[in-house]
Amino acid sequence: MYEVFHQFLNPEIISKVWLYLLKGLGTTALLSLMVVPLGLASGLAVAALWSLRKRWLNGLLIVYVDFFRAFPPLVLLLFIYFGFPFVGIEVPAIVAVAIGFLLNTSSYYGEIFRAGIESVPRGQWEAARSTGLSWAQTMISVIVPQATRNVLPDLLSNTLEVVKLTTLASVVAIPELLNAARNAQALTYNATPIVLAALMYLALLWPVVRLISRLEHKAVAVR
Amino acid sequence: MELDRLLFTFFNPEIAREYWPDIAKGFVVTLQLGLATIAAGLALGLGLAMVRSLQLRVVNWAIVFFADALRALPPLMVIIILFFAFPYAGLPMSAFTATWLSLSLVLAAFSEEIFWAGIVSIPKGQYEAARSTGMSAWQTLVNVILPQAVRITIPPLTNRTIAITKGTALGSVVALAEILGSAHSASSLAGNPTPLTLGAVAYLLLFIPFVLFGRWVETRFAWKR
C-alpha cells in the first residue's frame with residue numbers, strides 16, 4: 001500500500017511539480033480559449049452557408065463536413081505539422097494546432113448549428129423577412145439566438161470534447177497539461193505527475209459533465 | 001508553388017510503392033483495434049445501463065462515478081495513465097492493450113449514458129404493464145424496454161462510436177504501429193510525407209463509410225415528434 005502511494009501520490013514529488021503542472025494547465029486554458037471560439041465561429045459560418053440553400057454549395061459543405069469528421073484529428077495535426085515542412089512551409093506547432101482544430105471542429109460545430117437552425121420554424125424566417133429585416137439581420141437577430149438555445153446541450157458537450165482534444169497538442173510538443181505531466185514523469189521516474197494531471201482534468205471537467213448530463217436528461221424529459 | 005513539386009512530394013509513386021505494405025499492416029492493426037474497442041465498449045456500456053436500471057443505490061453510484069470520470073478525462077490522458085503510470089504499480093501492458101482498454105472504457109462510459117437515457121425515455125406504463133403480465137424485472141428489461149430503448153439510441157450511439165473509434169490514432173503516441181504510427185515512422189525514414197498521405201487515404205477509406213452510415217442512420221431513426 002505504501003509503495004503504491006509512494007509511486008502514485010508522492011507528497012514530495014507533488015510539492016516539486018505542482019507549479020510546473022499549473023503552468024501546463026494555464027497553457028491548456030489558453031489553447032482552449034483559442035480553439036473553441038475559432039470552432040464556434042467557423043461552425044456557425046458553415047451552418048449559415050448551408051442555410052443559403054444553394055444546391056451546389058450544400059453538396060460541397062457535406063463533402064467538407066464528412067471529410068473532416070472521418071479524419072482523426074491527430075492525423076490531421078501530424079499531417080500539417082510534419083508534412084508541410086517537406087515543401088518548405090515551416091508551420092509552427094501552435095499554428096498547426098489552430099488549423100487542424102479549425103478544420104475538425106468547424107465540421108462538428110457546423111452540424112450542430114445546422115440542426116439548430118433547421119429546428120427554428122419556417123414561420124420565424126417569413127415573419128422576420130416580412131418586417132423588412134434583411135437575410136443577414138434575420139439570421140443574426142432572429143434565427144441564431146433561437147437555434148443556439150435549441151442545441152445548447154450539444155454545443156456544450158462538443159465544447160467539452162474540444163477542450164479534451166487540446167491534449168493532442170502535447171504530441172507536437174506544446175507544453176500543455178498532459179505534455180507537462182509527461183515531462184515531469186520522465187524526470188522524476190514516478191507516476192505522480194500523471195496522476196496529478198488526471199486529477200486536475202477531473203476537478204475542472206467533472207462539473208461540466210454533470211451539467212451536460214442534467215441538460216440532456218431535461219431535454220429527454222421534455223419530449 | 002509548382003504543382004509538379006507538390007505532387008512529387010506528397011504523392012511520390014516510388015515511395016508509395018516502397019512503403020504501402022507498412023501502411024497496410026497498420027491498417028490491419030487499426031481495424032482490429034477499432035472492432036475490439038467497439039465490441040467491448042458497447043457491451044460494457046449496455047451491461048452497465050442494464051445493471052443501473054435495477055436501481056441498487058451503491059451500485060448506481062459506482063456506475064455514475066465511472067461514467068462521469070471517463071467522460072471528463074481526455075482519452076489520450078487515459079491511454080497515458082494505463083501505459084506509463086500502471087507499470088509503476090507492477091501492471092505493465094502492451095501499447096495495443098493500453099489503447100484498446102482506454103478507448104473501450106471511454107466508449108463504455110458514453111454508451112452507458114446513452115443507453116440509460118434511452119431506458120429512462122420509455123414510459124413507465126410499459127414497465128408496469130409488462131410486470132403485471134407476470135414477467136420478472138429482468139425479463140421486462142430485456143424483452144420490453146431494451147428493444148424500444150435501443151432503437152432511439154442508435155443515432156447518438158453511432159456518432160459517439162465513430163468519434164471514439166477514430167481515437168485509435170492516439171495509439172501512435174504510445175508507439176503502437178497502427179496506421180498513423182506506421183505512416184509517421186515511414187515518412188521519417190523516407191524523408192518524404194508520401195506515407196502520411198497514404199495513411200490519410202487509409203483513414204478515409206476506413207471511416208468515410210462509417211460517417212455516411214451515421215448520416216443515413218440519423219435520418220432513418222430520427223425522433224418522430
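Definitions and limits used
Residues numbered from 1 in each chain as written. Chains lettered and ligands numbered in written order. Predicted model: local features only at pLDDT ≥ 70, side-chain atom pairs only at ≥ 80, totals over all residues. Helix = DSSP H or I, 4+ residues; strand = E, 2+ residues; numbered from the N terminus. Buried ≥ 20, exposed ≤ 12 C-beta atoms within 10 Å, placed from the backbone. Contact = placed C-beta atoms within 7 Å. Nonpolar A, V, L, I, M, F, W, Y, C, P; charged D, E, K, R; others polar. Axes fitted to C-alpha atoms, helices over the stretch in contact; angles between N-to-C directions. Parallel < 35°, antiparallel > 145°, perpendicular 65-115°, else oblique. Expected span 1.5 Å × (residues − 1). Bend = angle between axes of the 7 residues up to and from the residue. Core = buried A, V, L, I, M, F, W, Y, C linked by C-beta atoms within 7 Å. pLDDT = per-residue confidence, 0-100.

### Focus on the overall build of chain A
Argument step 1. Regarding its fold elements, chain A presents 10 helices and 0 strands.
Argument step 2. Written out in order from the N terminus, the α and β elements of chain A read α-α-α-α-α-α-α-α-α-α.
Argument step 3. Based on the C-alpha atoms only, the size of chain A along its principal axes is roughly 70 × 50 × 25 Å.
Argument step 4. Taking all 223 residues of chain A together, 40% fall into the buried category.
Argument step 5. Once local pairs closer than 6 in sequence are excluded, the contacts in chain A between residues at least 24 apart make up 76%.

### Quick notes on the overall build of chain B
Argument step 1. For chain B, the count of helices and strands is 9 helices and 0 strands.
Argument step 2. Secondary structure elements of chain B occur, N-terminal to C-terminal, as α-α-α-α-α-α-α-α-α.
Argument step 3. Along the longest, intermediate and shortest principal axes, the C-alpha atoms of chain B span 75 × 45 × 25 Å.
Argument step 4. Of all 225 residues assigned to chain B, the portion counted as buried reaches 46%.
Argument step 5. Of the contacts made within chain B by residues no fewer than 6 positions apart, 78% connect residues no fewer than 24 positions apart.

### A short note on the interface of chain A and chain B
Argument step 1. With 38 residues of chain A in contact, the opposing surface of chain B contributes 41 residues.
Argument step 2. Elements with a minimum of two residues in the side of chain A that touches chain B: helix H1 (2-8), helix H3 (55-70), helix H4 (73-83), helix H9 (177-188) and helix H10 (192-222) of chain A.
Argument step 3. The element that contributes the greatest number of residues to the side of chain A that touches chain B is H10(A), accounting for 14 residues.
Argument step 4. For the side of chain A that touches chain B, the per-class residue count stands at 26 nonpolar, 6 polar and 6 charged.

### Overview of the packing of H4(A) against helix H8 (residues 179-190) of chain B
Argument step 1. Between H4(A) and H8(B), the shortest axis-to-axis distance is 11 Å and the interhelical angle comes to 10°. As far as their axial angle goes, H8(B) and H4(A) are roughly parallel. Contacts from Leu74(A), Val75(A), Leu78(A) and Phe82(A) of H4(A) reach H8(B) at Leu180(B), His184(B) and Ser187(B).
Argument step 2. The residue inventory of the contact of H4(A) with H8(B), partitioned by class, reads 5 nonpolar, 2 polar and no charged.

### Remarks on helix H7 (residues 137-165) of chain B
Argument step 1. Across its 29 residues, H7(B) extends only 33 Å between first and last C-alpha, which sits more than 12% below the 42 Å expected from 1.5 Å per residue.
Argument step 2. Largest kink in H7(B): about 50°, centred on Ile154(B), with the proline Pro155(B) one to four residues after it.

### Considerations on the nonpolar core
Argument step 1. Counting residues in hydrophobic clusters, the biggest one holds 119 residues, and the most contacted among them are Val75(A), Leu77(A), Ala197(A), Met77(B) and Ile79(B).
Argument step 2. Sorting elements by how many residues they give to this core places helix H5 (residues 95-121) of chain B first, with 14 residues.
Argument step 3. Those residues within four positions of Val75(A) in sequence are excluded, and the remaining contacts are Ala169(B), Leu180(B), Gly199(B), Ala200(B) and Tyr203(B).

### As for the environment of Leu205(A)
Argument step 1. Structurally, Leu205(A) is set in helix H10.
Argument step 2. Along the primary structure Leu205(A) and Met139(A) are separated by 66 residues, whereas in three dimensions their C-alpha atoms are 32 Å apart.
Argument step 3. Ignoring sequence-local partners within four residues, the contact set of Leu205(A) consists of Leu160(A) and Ala72(B).

### Here we look at the confidence of the model for chain B
Argument step 1. Averaged over chain B, the pLDDT score is 92; the fraction of residues at 70 or greater is 98%.
Argument step 2. Note on the complex model: pTM 0.92, ipTM 0.91.

### As for unusual backbone geometry
Argument step 1. For Tyr189(A), which is not glycine, the phi dihedral falls at a positive 50°.
Argument step 2. Topologically, Tyr189(A) is positioned in the loop between H9 and H10.
Argument step 3. With 9 C-beta atoms counted inside 10 Å, the residue Tyr189(A) sits in the exposed group.
Argument step 4. Positive phi, close to 65°, is recorded for Ala175(B), a residue that is not glycine.
Argument step 5. You can see Ala175(B) is positioned in the loop between H7 and H8.
Argument step 6. For Ala175(B), a count of 10 C-beta atoms within 10 Å gives the class exposed.

### What about the packing of H9(A) against helix H4 (residues 75-85) of chain B?
Relative orientation and spacing of two packed helices are given, respectively, by the angle between their axes and the distance between those axes.
Argument step 1. Running from N to C, H9(A) and H4(B) point in directions that differ by 10°, and their axes come no closer than 11 Å. The angle between H9(A) and H4(B) places the two elements in the roughly parallel class. Residues Leu178(A), Arg182(A) and Gln185(A) of H9(A) form the contact with H4(B), whose own contacting residues are Leu76(B), Met77(B), Ile80(B) and Phe84(B).
Argument step 2. In terms of residue class, the contact of H9(A) with H4(B) is built from 5 nonpolar, 1 polar and 1 charged.

### Topic: helix H7 (residues 135-150) of chain A
All names here are of chain A.
Argument step 1. Ile143 marks where H7 bends most, by close to 45°; the proline Pro145 follows one to four residues later.
Argument step 2. Met139, Ile143 and Ala147 are the residues of H7 that are buried.
Argument step 3. Elements in contact with the buried residues of H7: helix H2 (11-50), helix H5 (93-119) and helix H6 (122-130).

### Concerning the environment of Leu31(B)
Argument step 1. Checked against the element boundaries, Leu31(B) lands in helix H2 (residues 13-52).
Argument step 2. With 144 residues separating them in the primary sequence, Leu31(B) and Ala175(B) have C-alpha atoms 17 Å apart.

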